[in-house]
Amino acid sequence: QSLLAIGGKPAFFAGGIITGFSYGGFWTLMPTLVVEIFGTSTFATLYNFQSLAVSASSLTFSTFLAGHLYDREAILHPAAAGGCSGPTCYRTTCLVMVAACAVGFFASLMLLRIMKRHVRSSSAGLSLAVT
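This section reports on the structure supplied with the text. (Residues numbered from 1 in each chain as written. Predicted model: local features only at pLDDT ≥ 70, side-chain atom pairs only at ≥ 80, totals over all residues. Heavy atoms only, no water.)

## A word on the packing of aromatic side chains
Enumeration over the complete set of coordinates arrives at 7 aromatic pairs. Judged by centre distance (5.5 Å) and plane angle (20°), the rings of Phe 43 and Tyr 47 are stacked. Placement of the pair is Phe 43 and Tyr 47 together in helix 3 (residues 43–76), with a separation of 4 residues, close to one helical turn. Classification of Phe 43 as partly exposed rests on a relative accessible area of 26%. Judged by centre distance (5.3 Å) and plane angle (25°), the ring pair of Tyr 70 and Tyr 90 falls under stacked. (Phe/Tyr/Trp six-rings, centres within 6.5 Å; stacked < 30°, edge-to-face > 60°. Helix = DSSP H or I, 4+ residues; strand = E, 2+ residues; numbered from the N terminus. Buried < 20%, exposed > 50% of the residue type's maximum accessible area, 1.4 Å probe, protein only.)

If you want it as structure tokens, here you go:
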């Protein structure tokens, strides 16, 4: 997202490729992560709620946020043919997405710390039960 905020064709193509691979990797890993964290007994429910969360955030960010910010930039920086032209049109949207990605990154780090603590306590309990 930060590459997309820079503007220009090379940054656009590089950002699009990285975003595509990241999105594909996310959908590839999600079933495994849901099973690892929550188990198989409620997998279908949790996986569908996760899919609903992705759909809701897509609607929020791409439809409402991007559209609203584009309209604002079109008023501030009108193009000769109407609308908005240039990298400034979506720069604010990309920066908001960078902030949202940063929040998600730090939330995943917190989840990793919690899961490591949980795995350590579970493995310690298992080793005590075996002996």
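## Concerning the packing of helix 2 (residues 9–38) against helix 3
Geometry of a packed helix pair, given as the angle between the helix axes and the separation of the axes. At their nearest, the axes of helix 2 and helix 3 sit 10 Å apart, and the two run at 145° to each other. The handedness of the crossing between helix 2 and helix 3 is right-handed. Here helix 2 contributes Tyr 23, Phe 26, Trp 27, Met 30, Pro 31, Val 34, Val 35 and Phe 38 to the contact with helix 3, which in turn contributes Phe 43, Leu 46, Tyr 47, Gln 50, Ser 51 and Val 54. Grouping the constituent residues of the contact of helix 2 with helix 3 by class yields 12 nonpolar, 2 polar and no charged. (Axes fitted to C-alpha atoms, helices over the stretch in contact; angles between N-to-C directions. Left-handed = near helix turned anticlockwise from the far one by under 90°. Contact = heavy atoms within 4.5 Å. Nonpolar A, V, L, I, M, F, W, Y, C, P; charged D, E, K, R; others polar.)

## Quick word on the environment of Phe 61
Among the structural elements, Phe 61 can be located in helix 3. By relative accessible area, Phe 61 is classed as partly exposed at 26%. For Phe 61 and Val 96, which are 35 residues apart along the polypeptide, the C-alpha to C-alpha distance reads 9.0 Å. If near-sequence neighbours (up to four positions away) are discounted, Phe 61 is found in contact with Ala 66, Val 96, Met 97 and Ala 100.

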